[in-house]
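Close look at the chain arrangement
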Amino acid sequence: MIPLDGHGVRFAFGTLTALPVRVSRWDRDTARAGMLCAPLAGLAVGLLAAASGVLLLLGGAGPLLAAVAAVALPAALTRGLHLDGLADTADGLGSARPAEDALRIMKQSDIGPFGVVTLLLVLLAQVAALYELFGQGWAVGAVGTVVAAVTARLALTLASRRGVPPARPEGLGAAVAGTVPWPAALAVACAATACCAAAGALTGGGGTAAHLALAVLAGAGGAELMLRHCVRRFGGVTGDVFGALEETAATTALLALALG
């Protein structure tokens, strides 16, 4: 039985956001529950990010400034944790070194050229996509922001499933890797997709619902491709890889929404 209790919620918010939440337990059961609650942390971050963009629009700002705010606030609410993981993972993958050397590169405090370029392109893509969405109206931009944030954390739930090994014996990756049973991961994925589709149905009808559901699936699919590549390259997952998966899922979902 999976204890979806307050400890799991605190684990999710305490490890995936910078919100003032104290993690009181750090065992495998709590990590499992926390990863199952990860989309809830994404929902909270997404709502706050969407609110920042909407308030700027209502205050007379244009969609570009609203998009920048909606991208900047999640970075602030995580202290740049996932962006740092994305940059480190890009440096490790771009090094073309053996797994052990690549992991050592990822642990270094500096950011190499692969990381800088990847961060720049990903942030530009997110701002550009949200600019398109906020340009269609505050509701479209707000829903898109929330869907991307939920999809980003859903990718972490799926990456914590049984069968995905840790690349190191320590760290967040080792704490959560392989903790979530497949049926539970799929159940959370279905629930998150259904909730996003329901939000689309309320704001734009059946076509919007289908579009949002496809965006969630696209984001999860993009993160899955990245996950498989990292497991092949590094031998498993790390905390940095989880950050890269989160940003990959969010960016893919936003691009899917903007292209629609």
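Look up a bit, the structure's there.
The text that follows walks through the structure, step by step, so that each part is easy to find. (Residues numbered from 1 in each chain as written. Predicted model: local features only at pLDDT ≥ 70, side-chain atom pairs only at ≥ 80, totals over all residues. Heavy atoms only, no water.)

1. A closer look at the overall build of the protein chain
When helices and strands are tallied, the protein chain shows 12 helices and 0 strands. Traced from its N-terminal end to its C-terminal end, the protein chain shows the element sequence α-α-α-α-α-α-α-α-α-α-α-α. A compact globule built from 260 residues would reach a C-alpha radius of gyration of about 18 Å, and the protein chain, at 17 Å, matches this within 12%. For the protein chain, contacts bridging at least 24 residues in sequence account for 73% of all contacts bridging at least 6. On the protein chain, the mean spot of the 16 positive side-chain charges and the mean spot of the 15 negative ones are 6 Å from each other. (Helix = DSSP H or I, 4+ residues; strand = E, 2+ residues; numbered from the N terminus. Rg over C-alpha atoms; globule rule 2.2 N^0.38 Å. Contact = heavy atoms within 4.5 Å. Lys, Arg positive; Asp, Glu negative; His and termini not counted. Charge placed at Lys NZ, Arg CZ, Asp CG, Glu CD.)

2. Side note on the packing of helix 7 (residues 113–135) against helix 8 (residues 138–159)
Axes are the key here: two packed helices are described by the angle between their axes and the distance separating the axes. In contact at an axis separation of 6 Å, helix 7 and helix 8 are set at 140° when each is read in the N-to-C sense. With respect to helix 8, the axis of helix 7 lies oblique. Each of Leu 130, Leu 133 and Phe 134 in helix 7 lies in contact with helix 8, whose residues at this interface are Trp 138, Val 140, Gly 141, Ala 142, Gly 144 and Thr 145. Each residue belonging to the contact of helix 7 with helix 8 can be placed in one class, and the counts come to 6 nonpolar, 3 polar and no charged. (Axes fitted to C-alpha atoms, helices over the stretch in contact; angles between N-to-C directions. Parallel < 35°, antiparallel > 145°, perpendicular 65-115°, else oblique. Nonpolar A, V, L, I, M, F, W, Y, C, P; charged D, E, K, R; others polar.)

3. Some points on empty space enclosed by the protein
Tallied over the full model, the rule gives 1 cavity of 30 Å³ or more. Of the volumes computed, that of the largest cavity is approximately 240 Å³. What lines the largest cavity is a set of 21 residues, and nearest its centre among them are Ala 70, Val 71, Pro 74, Gln 126 and Ala 250. When residues in the lining of the largest cavity are grouped by element, the largest group, 5 residues, is from helix 8. Class assignment for the residues of the lining of the largest cavity results in 14 nonpolar, 4 polar and 3 charged. (1 Å grid on protein atoms, 1.4 Å probe; cavity = no way out; pocket = protein on both sides within 12 Å on 5 of 7 lines; lining within 4 Å. Points joined across faces, edges and corners; volume = space filled by probe spheres on them.)

4. Some thoughts on the side chain of Thr 251
As for its position among the elements, Thr 251 is in helix 12 (residues 239–259). On the accessibility criterion, Thr 251 (10% relative accessible area) is buried. Those residues within four positions of Thr 251 in sequence are excluded, and the remaining contacts are Val 122, Ala 125 and Gln 126. (Buried < 20%, exposed > 50% of the residue type's maximum accessible area, 1.4 Å probe, protein only.)

5. Details of the pattern of salt bridges
Tallied over the full model, the rule gives 5 salt bridges. One salt bridge in this structure joins Glu 224 and Arg 161, with 2.8 Å as the shortest N-O distance. Remark: Arg 161 occurs in the loop between helix 8 and helix 9 (172–176) and Glu 224 occurs in helix 11 (residues 206–234); sequence separation between them is 63 residues. No difference in accessibility class separates Glu 224 from Arg 161, as the two residues are buried. When the shortest N-O distance is used, the salt bridge between Glu 224 and Arg 228 registers 2.8 Å. (Salt bridge = Lys/Arg side-chain N within 4 Å of Asp/Glu carboxyl O.)

6. What about the layout of surface pockets?
Considered as a void within the structure, the largest pocket measures approximately 320 Å³ in volume. What lines the largest pocket is a set of 16 residues, and nearest its centre among them are Pro 39, Leu 43, Val 150, Ala 192 and Cys 195. Those elements that provide at least two residues to the lining of the largest pocket are helix 3 (38–58), helix 8 and helix 10 (182–204). When residues of the lining of the largest pocket are assigned to their parent elements, the largest contribution, 6 residues, is made by helix 10.

7. A look at a nonpolar patch on the surface
Nonpolar side chains collect at one region of the surface, where Val 9, Leu 40, Leu 43 and Leu 47 lie side by side and expose about 310 Å² of accessible area between them. The element best represented in the nonpolar patch is helix 3, accounting for 3 residues. Considering the arrangement of structural elements, one finds Leu 43 in helix 3. (Patch = residues over 30% accessible without salt bridge, like charges linked within 9 Å, V, L, I, M, F, W, Y side chains within 5 Å. Areas by Shrake-Rupley, 256 points an atom, 1.4 Å probe, with all protein chains shown as cover.)

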